Amino acid sequence: MNKQSIAIVGLGRVGSIFLEELVSRPNKNIEVIAVAEKGDTPGKAVATSNNIPVLDIDALIAKGEAIDILFDLTGIAAVRKELREKMMAADNRHTIIATESIAQLIWSLIASDTALPTVHSKTGY
């Protein structure tokens, strides 16, 4: 299996826990290569302590096809729209934007003892 490089946008209650779980389970086939978060959150501290670059959205988009999967865990439809539009403008047809529902699915496979918080309303794709 090829290594999957991922990035996370939004390290609030959901994104912080998701990132913590990913870095606590080192996997040679998954690498978190960057995150985007404006606020001072526990997830931002986790990223920094694990030498994961904390970028703004423009710098994250500039990584282009170096990102295989981009998790948008903000719960904000406008952020998801911004990500899609900027990826299209950059002609990035490689990176997949994964929603909270995909994060929930992955969480159910990797973390059986706790639930990922459900704090966002459904924003769809």
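Going by the structure above, here's the rest.
Note that this is a predicted model, so its numbers are computed, not measured. (Residues numbered from 1 in each chain as written. Predicted model: local features only at pLDDT ≥ 70, side-chain atom pairs only at ≥ 80, totals over all residues. Heavy atoms only, no water.)

Tallying secondary structure elements over the chain gives five helices and five strands in all. Mapped in sequence order, the helices and strands of the chain form the string β-α-β-α-β-α-β-α-β-α. Put simply, the chain has 125 residues, and 42% of those count as buried. By sequence separation, contacts in the chain at least 24 residues apart represent 74% of the contacts at least 6 residues apart. (Helix = DSSP H or I, 4+ residues; strand = E, 2+ residues; numbered from the N terminus. Buried < 20%, exposed > 50% of the residue type's maximum accessible area, 1.4 Å probe, protein only. Contact = heavy atoms within 4.5 Å.)

So, on to the side chain of Asp-68. Its place among the elements puts Asp-68 in the loop between α3 (57-62) and β4 (69-72). In terms of polar contacts, Asp-68 uses its side chain to reach the side chain of His-94, at 2.5 Å. The contacts of Asp-68, once residues within four sequence positions are left out, are Lys-3, Gln-4, Ser-5, His-94, Thr-95 and Ile-96. (Polar contact = N/O pair within 3.5 Å; in protein donor to acceptor, adjacent residues only side chain to side chain.)

Right, let's get into the pairing of strand β2 (residues 30-36). Across the seven residues of β2, five count as buried, placing the element largely inside the fold. Of the pairings in the sheet, the one linking strand β1 (residues 4-9) to β2 comprises six bridges and is parallel in character. Bridge pairing links Ile-8 to Val-35 in β2. The β-α-β motif built from β1, the intervening helix α1 (residues 13-24) and the parallel element β2 has right-handed crossover chirality. Looking at chain direction, β2 and strand β3 (residues 54-55) are connected through two bridges and run parallel. (Pairing = 2+ DSSP bridges. Right-handed = clockwise from strand over helix to strand, strands pointing away.)

Bringing the nonpolar core into the picture now. With 18 residues, the main nonpolar core has Ile-8, Phe-18, Leu-19, Val-32, Val-35, Phe-71 and Leu-73 as its most contacted residues. Of all the elements in the fold, those that place two or more residues in this core are β1, α1, β2, α2 (42-49) and α5 (100-110). Here the element with the most residues in this core is α1; it accounts for four residues. Residues Val-9, Ile-33, Ile-67 and Leu-70 belong to the second largest nonpolar core, which totals 14 residues. (Core = buried A, V, L, I, M, F, W, Y, C linked by side-chain atoms within 4.5 Å.)

Quick look at the sheet that holds β1 now. Within the open sheet, the five strands sit side by side as β3-β2-β1-β4-β5. Their pairing is parallel. At either end of the open sheet lies a strand with only one pairing partner, and these are β3 and β5 (96-98).

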